[in-house]
Amino acid sequence: DQQVKQNSPSLSVQEGRISILNCDYTNSMFDYFLWYKKYPAEGPTFLISISSIKDKNEDGRFTVFLNKSAKHLSLHIVPSQPGDSAVYFCASRRQGGSEKLVFGKGTKLTVNP
Amino acid sequence: AAGVIQSPRHLIKEKRETATLKCYPIPRHDTVYWYQQGPGQDPQFLISFYEKMQSDKGSIPDRFSAQQFSDYHSELNMSSLELGDSALYFCASSSPTYGSRNIQYFGAGTRLSVL
């Protein structure tokens, strides 16, 4: 049972445009969400996170939006750069509960020059 | 800045052999997590340690064991290896600092191939 779902295995955008990566979750106990970026042969690199008490968190070109009622979050990258090309994982956890991260299957983003 | 260090980066073993993976967390991080990522899969949580005590356990086979040592490094021991154990094994660590504990920082991983 996949508790964190990234329904788009891949996404291709033009350099300078906005990239929007989506993530849905089913477990209503999740209250902390993270996005990681992963290059081949490297470990996941933390990008940005958001607590369930917020609906938006911004860090430079990266913004994460959380819609708790829809159990949906999205990562916006603007403007997209070729160096952003990687696999993006959405992850969730319960604060105060199990510390494990539950990951989605990832979305491969390709930013074309 | 120092990152999570995993060794070895690559490991090739035969079926029924044993393997030991090592993880050195970011300095002053007190919690270590182990994840397994199969081909084309998402990382799956195996086990975690806080202050040298097991803090959580996921889908870790009984053939696997792990511990965290006094210097906070951790080792994942895998015995009676099976073909299905071939995967990327990631270690992550988190800081005791309030507000930072939720963020796990990952190492580059150990790629284990069982032949």
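Please read these numbers as outputs of a predicted model, since none were measured by experiment. (Residues numbered from 1 in each chain as written. Chains lettered and ligands numbered in written order. Predicted model: local features only at pLDDT ≥ 70, side-chain atom pairs only at ≥ 80, totals over all residues. Heavy atoms only, no water.)

(A) Highlighting the overall build of chain A. Per the secondary structure count, chain A includes zero helices and eleven strands. Seen in sequence order, chain A has helices and strands lined up from the N terminus as β-β-β-β-β-β-β-β-β-β-β. Relative to the globule expectation of 13 Å for 113 residues, the C-alpha radius of gyration of chain A, 13 Å, shows essentially globular dimensions. Its C-alpha atoms give chain A principal-axis dimensions of roughly 40 × 30 × 20 Å. When burial is assessed residue by residue, chain A has 45% of its 113 residues classed as buried. Nonlocal contacts in chain A, meaning residues at least 24 apart in sequence, comprise 54% of its contacts between residues at least 6 apart. Surface summary for chain A: the accessible area is close to 5,400 Å², and the carbon and sulfur share equals 48%. Here chain A holds 14 positive side-chain charges and 10 negative ones, and the gap between their average locations is 4 Å. (Helix = DSSP H or I, 4+ residues; strand = E, 2+ residues; numbered from the N terminus. Rg over C-alpha atoms; globule rule 2.2 N^0.38 Å. Buried < 20%, exposed > 50% of the residue type's maximum accessible area, 1.4 Å probe, protein only. Contact = heavy atoms within 4.5 Å. Areas by Shrake-Rupley, 256 points an atom, 1.4 Å probe, with all protein chains shown as cover. Lys, Arg positive; Asp, Glu negative; His and termini not counted. Charge placed at Lys NZ, Arg CZ, Asp CG, Glu CD.)

(B) Main features of the pattern of salt bridges. Considering all chains together, one arrives at six salt bridges over all chains under this definition. Where aspartate 42 of chain B meets lysine 105 of chain A, a salt bridge forms, and the shortest distance between an N and an O atom there is 3.1 Å. Taken together, the residues span two chains, with aspartate 42 of chain B in the loop between strand E4 (31–37) and strand E5 (44–50) and lysine 105 of chain A in the loop between strand E10 (102–103) and strand E11 (107–112). Overall, aspartate 42 of chain B belongs to the buried group, its relative accessible area being 3%. With relative accessibility at 38%, the residue lysine 105 of chain A sits in the partly exposed group. One salt bridge in this structure joins lysine 52 of chain B and glutamate 51 of chain B, with 3.9 Å as the shortest N-O distance. (Salt bridge = Lys/Arg side-chain N within 4 Å of Asp/Glu carboxyl O.)

(C) Spatial organisation of the pairing of strand E7 (residues 64–68) of chain B. Residue and element names in this part refer to chain B. Going residue by residue along E7, you find Phe64, Ala66 and Gln68 tucked away on one face and Ser65 and Gln67 left uncovered on the opposite face. Note: E7 against strand E8 (residues 74–78), five bridges, orientation antiparallel. Residue pairing for E8: glutamine 67 is matched across the bridge by glutamate 75. Here E7 folds back onto E8 in antiparallel fashion, the turn holding five residues, of which tyrosine 72 has a positive phi close to 75°. (Pairing = 2+ DSSP bridges.)

(D) The arrangement of the confidence of the model for chain B in detail. Scored by pLDDT, chain B has a mean of 93; 96% of the residues are at 70 or more. For chain B, per-element mean pLDDT is lowest for strand E6 (residues 53–57) of chain B, which scores 91, and highest for strand E3 (residues 19–24) of chain B, which scores 98. (pLDDT = per-residue confidence, 0-100.)

(E) How the structure looks around the environment of asparagine 77 of chain B. Residues and elements named next belong to chain B. Inspection of the secondary structure puts asparagine 77 in strand E8. Linking asparagine 77 and alanine 66, residues eleven residues apart in sequence, is a C-alpha distance of 5.8 Å. Reaching out from asparagine 77, the side chain makes a polar contact with the side chain of threonine 20 at a distance of 3.0 Å. (Polar contact = N/O pair within 3.5 Å; in protein donor to acceptor, adjacent residues only side chain to side chain.)

(F) Spotlight on the interface of chain A and chain B. If you look at the interface, chain A gives 21 residues, while chain B gives 21 residues. Summing both partners gives a buried area of about 1,700 Å² for chain A against chain B, and 53% of it is carried by carbon and sulfur. Interface area lost by chain A to chain B is led by Pro44, Glu99 and Phe103 of chain A, which between them contribute 30%. Along the contact surface separating chain A from chain B lie one salt bridge. At the junction of chain A with chain B, the criterion picks out five residue pairs in polar contact (both at pLDDT 80 or more). With four residues, strand E4 (residues 32–38) of chain A is the single largest residue contributor to the side of chain A that touches chain B. Here the side of chain A that touches chain B is built from residues that sort into nine nonpolar, six polar and six charged. (Buried area = accessible area lost by both parts, 1.4 Å probe. Nonpolar A, V, L, I, M, F, W, Y, C, P; charged D, E, K, R; others polar.)

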